[in-house]
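Here is how the chains run, residue by residue.
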Amino acid sequence: MKNKYTIIEAAKKVLSLANDSMSVAEIYAQILEKSLYIFHAQDPISVLRGELRSHSIGIDFPTASSKKYFSYDESNRRFSLLGNDKSKFSEVDKDR
(Lines give C-alpha, C1' and ligand atoms only; values in the text may rest on other atoms or scores of the structure.)
Protein backbone atom coordinates (compact mmCIF):
# COMPACT_ATOMS: atom_id res chain seq x y z
CA MET A 1 0.00 0.00 0.00
CA LYS A 2 1.35 3.40 -1.01
CA ASN A 3 1.35 6.26 1.49
CA LYS A 4 -1.07 9.09 0.76
CA TYR A 5 1.27 11.68 2.23
CA THR A 6 4.83 12.14 3.42
CA ILE A 7 5.33 12.16 7.19
CA ILE A 8 5.47 15.97 7.19
CA GLU A 9 2.37 16.32 5.01
CA ALA A 10 0.47 13.92 7.28
CA ALA A 11 1.51 15.87 10.38
CA LYS A 12 0.52 19.14 8.70
CA LYS A 13 -2.87 17.67 7.79
CA VAL A 14 -3.51 16.50 11.37
CA LEU A 15 -2.41 19.80 12.91
CA SER A 16 -4.42 21.83 10.38
CA LEU A 17 -7.56 20.07 11.62
CA ALA A 18 -6.69 20.47 15.31
CA ASN A 19 -7.99 23.30 17.46
CA ASP A 20 -4.92 23.25 19.68
CA SER A 21 -1.33 22.09 19.78
CA MET A 22 -0.70 18.37 20.00
CA SER A 23 1.87 16.00 21.47
CA VAL A 24 3.83 13.67 19.21
CA ALA A 25 1.76 10.72 20.47
CA GLU A 26 -1.50 12.55 19.65
CA ILE A 27 -0.26 13.46 16.16
CA TYR A 28 0.85 9.86 15.61
CA ALA A 29 -2.52 8.49 16.72
CA GLN A 30 -4.38 10.81 14.35
CA ILE A 31 -2.10 9.95 11.43
CA LEU A 32 -2.88 6.26 12.00
CA GLU A 33 -6.59 6.86 12.59
CA LYS A 34 -6.91 8.80 9.35
CA SER A 35 -4.63 6.34 7.48
CA LEU A 36 -2.44 9.19 6.24
CA TYR A 37 0.91 7.42 6.52
CA ILE A 38 2.11 3.90 7.24
CA PHE A 39 5.24 3.83 9.37
CA HIS A 40 7.66 0.99 8.69
CA ALA A 41 9.95 1.69 11.64
CA GLN A 42 10.58 -0.07 14.94
CA ASP A 43 9.96 3.20 16.81
CA PRO A 44 7.60 5.28 14.64
CA ILE A 45 6.98 7.91 17.33
CA SER A 46 10.71 8.67 17.42
CA VAL A 47 10.77 8.98 13.64
CA LEU A 48 7.80 11.35 13.73
CA ARG A 49 9.35 13.37 16.58
CA GLY A 50 12.58 13.75 14.61
CA GLU A 51 10.75 14.95 11.52
CA LEU A 52 8.66 17.43 13.51
CA ARG A 53 11.71 18.81 15.31
CA SER A 54 13.64 19.12 12.07
CA HIS A 55 10.86 21.31 10.63
CA SER A 56 10.15 23.42 13.75
CA ILE A 57 11.17 27.03 14.22
CA GLY A 58 13.63 27.60 17.01
CA ILE A 59 15.00 24.07 16.85
CA ASP A 60 18.20 24.26 14.88
CA PHE A 61 20.81 21.58 14.53
CA PRO A 62 23.20 20.76 11.67
CA THR A 63 20.81 18.39 9.85
CA ALA A 64 17.60 20.37 10.52
CA SER A 65 15.54 21.38 7.52
CA SER A 66 15.56 25.00 6.39
CA LYS A 67 11.80 24.65 5.75
CA LYS A 68 9.89 25.31 8.95
CA TYR A 69 6.22 24.37 9.27
CA PHE A 70 5.78 23.87 13.02
CA SER A 71 6.34 25.58 16.33
CA TYR A 72 7.26 23.68 19.45
CA ASP A 73 6.31 24.60 23.00
CA GLU A 74 9.03 23.00 25.09
CA SER A 75 7.23 23.62 28.39
CA ASN A 76 4.38 21.26 27.49
CA ARG A 77 6.09 19.33 24.66
CA ARG A 78 3.46 20.13 22.07
CA PHE A 79 3.65 21.04 18.41
CA SER A 80 1.44 23.36 16.41
CA LEU A 81 1.27 24.35 12.77
CA LEU A 82 2.63 27.78 11.96
CA GLY A 83 -0.22 30.22 11.32
CA ASN A 84 0.24 30.83 7.60
CA ASP A 85 0.51 27.11 6.87
CA LYS A 86 -3.02 26.33 8.07
CA SER A 87 -4.50 28.09 5.05
CA LYS A 88 -1.81 26.86 2.65
CA PHE A 89 -2.36 23.22 3.59
CA SER A 90 -5.54 22.98 1.54
CA GLU A 91 -3.29 23.26 -1.54
CA VAL A 92 -1.68 19.91 -0.63
CA ASP A 93 -5.12 18.27 -0.52
CA LYS A 94 -5.94 19.42 -4.05
CA ASP A 95 -3.00 17.44 -5.41
CA ARG A 96 -4.03 14.17 -3.72
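Our subject in this report is the structure included herewith. Because the structure is predicted, anything quoted here is derived from the model rather than measured. (Residues numbered from 1 in each chain as written. Predicted model: local features only at pLDDT ≥ 70, side-chain atom pairs only at ≥ 80, totals over all residues. Heavy atoms only, no water.)

**Side note on the overall build of the protein chain**
Part 1 of the reasoning: Counting secondary structure elements, the protein chain contains four helices and two strands.
Part 2 of the reasoning: Here the protein chain holds 96 residues, and the buried ones make up 40% of them.
Part 3 of the reasoning: A sequence separation of at least 24 residues applies to 48% of the contacts in the protein chain between residues at least 6 apart.
Part 4 of the reasoning: Of the roughly 6000 Å² of accessible surface on the protein chain, 47% is carried by carbon and sulfur atoms. (Helix = DSSP H or I, 4+ residues; strand = E, 2+ residues; numbered from the N terminus. Buried < 20%, exposed > 50% of the residue type's maximum accessible area, 1.4 Å probe, protein only. Contact = heavy atoms within 4.5 Å. Areas by Shrake-Rupley, 256 points an atom, 1.4 Å probe, with all protein chains shown as cover.)

**With respect to the pairing of strand E1 (residues 70–73)**
Part 1 of the reasoning: Looking at chain direction, E1 and strand E2 (residues 78–81) are connected through four bridges and run antiparallel. Within E2, the residue paired with Tyr 72 across the bridge is Phe 79.
Part 2 of the reasoning: Count of turn residues in the E1/E2 antiparallel hairpin: four residues, of which Arg 77 carries a positive phi of about 55°. (Pairing = 2+ DSSP bridges.)

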